[in-house]
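# Coordinate analysis (summary)
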Amino acid sequence: MFLENYGFLIVAIVQQALLGMSLWYPLMAGQLSLASIGFYSLGGYIAAIMGTSPAFAAWREALGPALYPVEWLIALAASALLGLAVGIPALRLRGIYLALATIAFVQVLNVVVLVLDVTGGAVGLFGIPQPFESRLGYLWFFGPLLAVMLIFSARLTRTVAGRSFMAIREDELAAQAMGIPTTFEKVRAFVIGCGLAGVVGAMSAPFLNTWNARQSSFDASVACLAYVLIGGARSVWGPLLGAALLVALPEVLRPLKDARLIMNGIVLVVACIYLPQGIAGLLASLRRREAA
Amino acid sequence: MNIVFLLQSFINGLSIGSVYAIFALGYTLVFSILGIINFAHGAVFTIGAYCTYALAVGDFGLNGLLAGMSLPFRLPFPLALLGGSLLAGGIGVLVERLAFRPLRAKGADPLLALVSSLGVALILVNCLQFLVGAEIYAFPSGIFGSLPMAMVFKMDGKVLAVRTVQIIILVVSLAMLLALAWFMNRTRMGKALQATAENPETASLLGINVDRYILSTFFISGALGGLSGTLIGASFGLAGPYFGVSYGLKGLAVIVLGGLGSIPGAVLGGLVIGLGEAFLPPDYSSMKEAVAFVMLFVILLARPQGLLGRQTIQKV
């Protein structure tokens, strides 16, 4: 009963947590990106086109359910390549440029998908085949991906690449002086996130059954960033905690109707001021206090 | 290509570009003093437009908390424009108090200030939606008194139309730019602002009350935002509480194009993007919204410090 009513919510939390996580990697290298939603949209369009377009009928025939992993791989490759194209010019520079370049990327992408025929213009694409009967079934898509990414993130903090990311976050000049190729590492952190967002998009198109330009609004970009920062950008659990709170909050606040979007803003501001390390940081400091 | 098309595009581009310029100056002023981009600027732009609308027209629509209400007075457009801009300046001050000051007091990561300003933008826009609903408002046609809607010229058998609102936009924007240039370079307060932007610590040692000047910067920035919101609203209507978001993002492209923190750069960037949009061939008009952002990418590749920006040297 619980699972039936809240299946959609649970899957949405995991899906949004993964999108938040795609911003977690660049943040690990101290770079603020708002691109996730763009690559999510791109991945979704790839899956939607491959799932509905007559041009891919033969593929669907031949591959059957194996079509889905193929979509994920194509979305991964496309997002990573495009991520390189966006990331390299912006990440040669220090400071806020990645945030600005990624905003620009999402805006250009939105104009392009509205103009193209293959993306269905303003109407979007409908009737994307769904592999699962119930909403909860999509946990088979998102759940393992989340598990893999959590393990990957936890391992990453102990590798040379992860350590380099963190060194750049703490002090980019010092990291460079230590011989870390800062531009390369920043691009690497960014592209990991882009690829992940693309795969999440490709998984989400069947989940939502329809795909259009509204998937990549500026508000959605901000929401992804909010998951990480409110959950805690310095903990692997941050994006999951943040997404759980912020996706569930509107459900809990349903009686407030229109005013609940105001609440989202208030949560964002209050968290920035009082929880600079996010929920994960708060939990860690509570645990330290208990131990002491 | 003919001379009439060129002239028409030039007038359209100059008019819209000058609004982009004064809007982007609001970002630039805050950036030059705090080194942070105020993401609530687009929301202030929207609120300014709605404030002017309320003062000049006075009737609210069918949705939201204020549905069916009307103000007991109507101001003529110039006074309403002034009032709306001042109110937007007040909102700018509110943004500083809510999103920036608490974080500055704690010496927090500048990234957090960016996010908290996004949060304040979310609060402002949704409060506005709560009050006036999501419907479209438009200034009535008689808003400029007895002025005609447009002037029509005939050249070589082709028609060149200049809307009155375009001329008003151009005149108000240019006046605002001149006033700002005078204020920044010729007044004590402007000089103090420049000193604070150059180095807040030194400025405070010289007896400049830095917090007060940051507050005045936000007031001026908010007023510029509100003014440009009104001008755009008078030209294209108020398409719901979210109509400032896309202009807010376009303003970011303007300041990067001109050079982050450069005042002449913001003006040049605004004009370049306005003219770029206007000169887009009619066949590609559906791509108009992408022009500013494509230019942003090109400048990042070719000249990252922007057209008029100073190349910064990193010191340890």
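Residues numbered from 1 in each chain as written. Chains lettered and ligands numbered in written order. Predicted model: local features only at pLDDT ≥ 70, side-chain atom pairs only at ≥ 80, totals over all residues. Heavy atoms only, no water.

## Some points on the overall build of chain A
Each helix and strand in chain A was counted, giving 13 helices and 0 strands. Taking 292 residues into account, the globule formula puts the C-alpha radius of gyration at 19 Å, and chain A, at 19 Å, falls close to it. When its C-alpha atoms are laid out on the principal axes, chain A stretches across 60 × 45 × 30 Å. Sorting the 292 residues of chain A into buried and exposed places 54% on the buried side. Pairs at least 24 residues apart make up 76% of the contacts formed inside chain A by residues separated by at least 6 positions. Here chain A contributes 18 positively and 13 negatively charged side chains, and the mean placements of these two sets differ by 9 Å. (Helix = DSSP H or I, 4+ residues; strand = E, 2+ residues; numbered from the N terminus. Rg over C-alpha atoms; globule rule 2.2 N^0.38 Å. Buried < 20%, exposed > 50% of the residue type's maximum accessible area, 1.4 Å probe, protein only. Contact = heavy atoms within 4.5 Å. Lys, Arg positive; Asp, Glu negative; His and termini not counted. Charge placed at Lys NZ, Arg CZ, Asp CG, Glu CD.)

## Quick notes on the pattern of salt bridges
Residues and elements named next belong to chain B. For the structure shown, the criterion picks out 10 salt bridges over all chains. Between Asp59 and Arg74 there is a salt bridge; the shortest N-O distance is 3.3 Å. Of the two residues, Asp59 sits in the loop between α2 (41-56) and α3 (77-106) while Arg74 sits in the loop between α2 and α3, which places them 15 residues apart along the sequence. Accessibility expressed as a relative area gives 35% for Asp59, which makes it partly exposed. Overall, Arg74 belongs to the partly exposed group, its relative accessible area being 41%. Between Lys250 and Glu289 there is a salt bridge, with the nearest N and O atoms lying 3.4 Å from each other. Here Glu289 lies in helix α11 (residues 288-302) and Lys250 lies in helix α9 (residues 243-258), a separation of 39 residues in the sequence. Of the residues examined, Lys250 reaches a relative accessible area of 3% and is grouped as buried. Linked by salt bridges that have partners in common, Glu96, Arg101, Arg104 and Asp211 make up one network. (Salt bridge = Lys/Arg side-chain N within 4 Å of Asp/Glu carboxyl O.)

## Examining the interface of chain B and chain A
Taken together, the contact between chain B and chain A spans 39 residues of the former and 39 residues of the latter. Both sides of the chain B and chain A interface together cover about 3600 Å² of buried area, and 85% of this is carbon and sulfur. The largest share of the area that chain B buries against chain A comes from B:Val115, B:Phe297 and B:Leu300, three residues that together contribute 15% of it. The interface formed by chain B and chain A contains 4 residue pairs in polar contact (both at pLDDT 80 or more). Those elements giving two or more residues to the side of chain B that touches chain A turn out to be α3, α4 (110-132), α9 and α11 of chain B. Looking at the side of chain B that touches chain A, the element that brings in the most residues is α4(B), giving 13 residues. Its residues placed into classes, the side of chain B that touches chain A shows 31 nonpolar, 5 polar and 3 charged. (Buried area = accessible area lost by both parts, 1.4 Å probe. Polar contact = N/O pair within 3.5 Å; in protein donor to acceptor, adjacent residues only side chain to side chain. Nonpolar A, V, L, I, M, F, W, Y, C, P; charged D, E, K, R; others polar.)

## Some points on a nonpolar patch on the surface
All names here are of chain B. A cluster of nonpolar side chains, namely Leu79, Leu82, Leu86 and Phe219, defines an oily patch on the protein surface of about 350 Å² accessible area. With 3 residues, α3 is the largest single contributor of residues to the nonpolar patch. Looking at the secondary structure, you find Leu86 in helix α3. With relative accessibility at 45%, the residue Leu86 sits in the partly exposed group. (Patch = residues over 30% accessible without salt bridge, like charges linked within 9 Å, V, L, I, M, F, W, Y side chains within 5 Å. Areas by Shrake-Rupley, 256 points an atom, 1.4 Å probe, with all protein chains shown as cover.)

## Observations regarding the side chain of B:Asn38
Residue and element names in this part refer to chain B. When you line up the elements, Asn38 lands in the loop between α1 (3-34) and α2. Here Ala40 takes part through its backbone nitrogen, which lies 3.0 Å from a polar atom of the side chain of Asn38. If sequence neighbours within four positions are ignored, Asn38 has contacts with Tyr27, Val30, Val95, Phe100, Ser117 and Phe218.

## Quick notes on the nonpolar core
A:Leu18, A:Phe142, A:Leu225, B:Ile37, B:Val95, B:Phe139 and B:Leu252 are the most contacted members of the largest nonpolar core, which has 201 residues in total. Contact partners of B:Phe139, with chain neighbours within four places excluded, come to B:Ala49, B:Thr52, B:Tyr53, B:Ala56, B:Val57, B:Phe77, B:Thr230, B:Gly233, B:Ala234 and B:Leu238. (Core = buried A, V, L, I, M, F, W, Y, C linked by side-chain atoms within 4.5 Å.)

## Thoughts on the packing of α2(B) against α4(B)
All names here are of chain B. Between α2 and α4, the least distance of the axes is 9 Å, while the angle of their chain directions is 25°. On the basis of their axis angle, the class for α2 and α4 is roughly parallel. As α2 runs across α4, the sense of the crossing is left-handed. Here Ala43, Thr46, Ile47 and Tyr50 of α2 come into contact with α4, specifically with Ala121, Leu124, Val125, Leu128 and Val132. By residue class, the composition of the contact of α2 with α4 is 8 nonpolar, 1 polar and no charged. (Axes fitted to C-alpha atoms, helices over the stretch in contact; angles between N-to-C directions. Parallel < 35°, antiparallel > 145°, perpendicular 65-115°, else oblique. Left-handed = near helix turned anticlockwise from the far one by under 90°.)

## Observations regarding helix α13 (residues 278-291) of chain A
All names here are of chain A. Helix length check: α13, at 14 residues, gives a terminal C-alpha distance of 20 Å against a target of 20 Å (1.5 Å per residue), a fit within 8%. Those residues of α13 that fall on the buried side of the exposure criterion are Gly278, Ile279 and Ala280. Packing partners of the buried residues in α13 comprise α10 (218-231) and α11 (238-252). (Expected span 1.5 Å × (residues − 1).)

## Notes on the environment of B:Ala253
Residues and elements named next belong to chain B. Here Ala253 shows up in helix α9. In sequence terms Ala253 and Val294 are 41 residues apart; their C-alpha atoms lie 8.9 Å from each other. When residues no more than four places from it in sequence are discounted, the contact partners of Ala253 are Ile273, Ala292, Phe293 and Leu296.

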